[in-house]
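# Structure at a glance
Take a look at the letters that make up each chain.
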Amino acid sequence: MLALGIDPGTAICGYGVVDMTGNRLRPVFYGSVLTDKDMQPELRLKKIYDDISDIIDHFRPDFLSVEKLFFNRNVTTAIPVGQARGVVLLAAANKGIPVLEFTPMQIKLSVVGTGSATKEQVIYMVMRLLNIREKIKPDDTADALAAAICGLNTASTRRWQEGR
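Rules used in this analysis
- Residues numbered from 1 in each chain as written.
- Predicted model: local features only at pLDDT ≥ 70, side-chain atom pairs only at ≥ 80, totals over all residues.
- Heavy atoms only, no water.
- Helix = DSSP H or I, 4+ residues; strand = E, 2+ residues; numbered from the N terminus.
- Buried < 20%, exposed > 50% of the residue type's maximum accessible area, 1.4 Å probe, protein only.
- Contact = heavy atoms within 4.5 Å.
- Areas by Shrake-Rupley, 256 points an atom, 1.4 Å probe, with all protein chains shown as cover.
- Lys, Arg positive; Asp, Glu negative; His and termini not counted.
- Charge placed at Lys NZ, Arg CZ, Asp CG, Glu CD.
- Axes fitted to C-alpha atoms, helices over the stretch in contact; angles between N-to-C directions.
- Left-handed = near helix turned anticlockwise from the far one by under 90°.
- Nonpolar A, V, L, I, M, F, W, Y, C, P; charged D, E, K, R; others polar.
- Pairing = 2+ DSSP bridges.
- Core = buried A, V, L, I, M, F, W, Y, C linked by side-chain atoms within 4.5 Å.
- Arc of directions from axis to C-beta.
- Phe/Tyr/Trp six-rings, centres within 6.5 Å; stacked < 30°, edge-to-face > 60°.

The next thing to look at is the overall build of the protein. If you tally the helices and strands in the protein, you get five helices and five strands. Written out in order from the N terminus, the α and β elements of the protein read β-β-β-α-β-α-β-α-α-α. Looking at the protein as a whole, 45% of its 164 residues qualify as buried. Of all intrachain contacts in the protein linking residues separated by at least 6 positions in sequence, the fraction that spans at least 24 positions is 61%. About 9100 Å² of surface is accessible on the protein, with carbon and sulfur atoms providing 52% of the total. Of the charged side chains in the protein, 20 are positive and 18 negative, and the gap between their average positions amounts to 6 Å.

Turning our eyes to something else, we now look at the packing of helix 1 (residues 41–59) against helix 2 (residues 75–95). In contact at an axis separation of 9 Å, helix 1 and helix 2 are set at 35° when each is read in the N-to-C sense. Between helix 1 and helix 2 lies a crossing whose hand is right-handed. Residues Leu45, Ile48, Tyr49, Ile52, Ser53, Ile56 and Asp57 of helix 1 form the contact with helix 2, whose participating residues are Gln83, Ala84, Val87, Val88, Leu90, Ala91, Ala92, Asn94 and Lys95. Classifying every residue of the contact of helix 1 with helix 2 gives eleven nonpolar, three polar and two charged.

This part is about the sheet that holds strand 4 (residues 63–67). Spatially, five strands are ordered 3-2-1-4-5 in an open sheet, and the strand pairing comes out mixed. Looking at the sheet topology across the chains shown, the edges are occupied by strand 3 (24–34) and strand 5 (99–102). Between one strand axis and the next, the sheet turns through 20° on average, direction left out of account. Two elements, strand 1 (residues 2–7) and strand 2 (residues 12–21), share six bridges in a ladder whose sense is antiparallel. Along strand 2, the bridge assignment pairs Asp7 with Gly14. Running at roughly 170° to strand 4, helix 2 makes contact with strand 1, strand 2, strand 4 and strand 5 of the sheet.

Turning next to the nonpolar core. Counting residues in hydrophobic clusters, the biggest one holds 26 residues, and the most contacted among them are Val18, Leu25, Val126, Leu130, Ile136, Leu145 and Leu152. Ranked by residue count, the leading element in this core is helix 5 (residues 139–162), at nine residues. Excluding its chain neighbours within four sequence positions, the residues that come into contact with Leu25 are Val18, Asp19, Met20, Leu129, Leu130, Ile149 and Leu152. Among the nonpolar cores identified, the runner-up in size contains 21 residues, and Tyr15, Val17, Ala84 and Ala91 belong to it.

Inspection of helix 3 (residues 104–112) places Pro104, Ile107 and Val111 among the buried residues, and these make up the whole buried set. Seen along its axis, helix 3 keeps its buried residues to an arc of 65°; they face one direction. Once helix 3 finishes, Gly113 follows within two positions and takes phi at roughly 105°, a positive value.

Only one face of strand 5 is buried, namely the one carrying Leu100 and Phe102, since none of Val99 and Glu101 on the opposite face is buried. Pairing analysis gives four bridges linking strand 4 to strand 5, with the strands arranged parallel. Across the sheet, the residue bridging to Val66 is Glu101, located in strand 5.

Moving on, we get to the packing of aromatic side chains. Pairs of aromatic rings are described using the distance from one ring centre to the other and the angle between the two planes. Applying the stated rule across the entire model yields two aromatic pairs. With a centroid separation of 5.6 Å and 25° between ring planes, the pair formed by Tyr15 and Phe29 is classed as stacked. Here the residue Tyr15 occupies a position in strand 2, and Phe29 occupies one in strand 3, the gap between them amounting to 14 residues. Taking relative accessible area as the criterion, Phe29 reaches 34% and is therefore assigned partly exposed.

The quantities given are spatial measurements derived from coordinates; they are silent on function.
This is the structure:
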């Protein structure tokens, strides 16, 4: 089973393609779509859409796993993140890829074992689970890989339950 995890953002949109065979996880491709702050907003969104669409075309994941929009206080950053998330969802819909959505707490719980995990704990566990030796940078890429792992854990559990 192949998952594409996304951590949406307009400046940095993390992505990670992870394969699960049996109970083994393997990183396939990961990184971040970077956009320049001086770009027009619509061109930033187009770049994210185009790059994520290309990744979907190349790897043909079974599903896309994305973080739900969550914000505490800063509505100013929530709007651009919501826009980036929207173009990611559009790319998945246009390519016929199912979408699984998770809260940040659900992703942390799935990967680290606690919903209150720190960024450093998430990065550490993603590196351990995927046998990645170099620190994953930026954090958004690690978060995208964590989203993919969470989606794979959820999908494999659902398949196991359905197979009973």
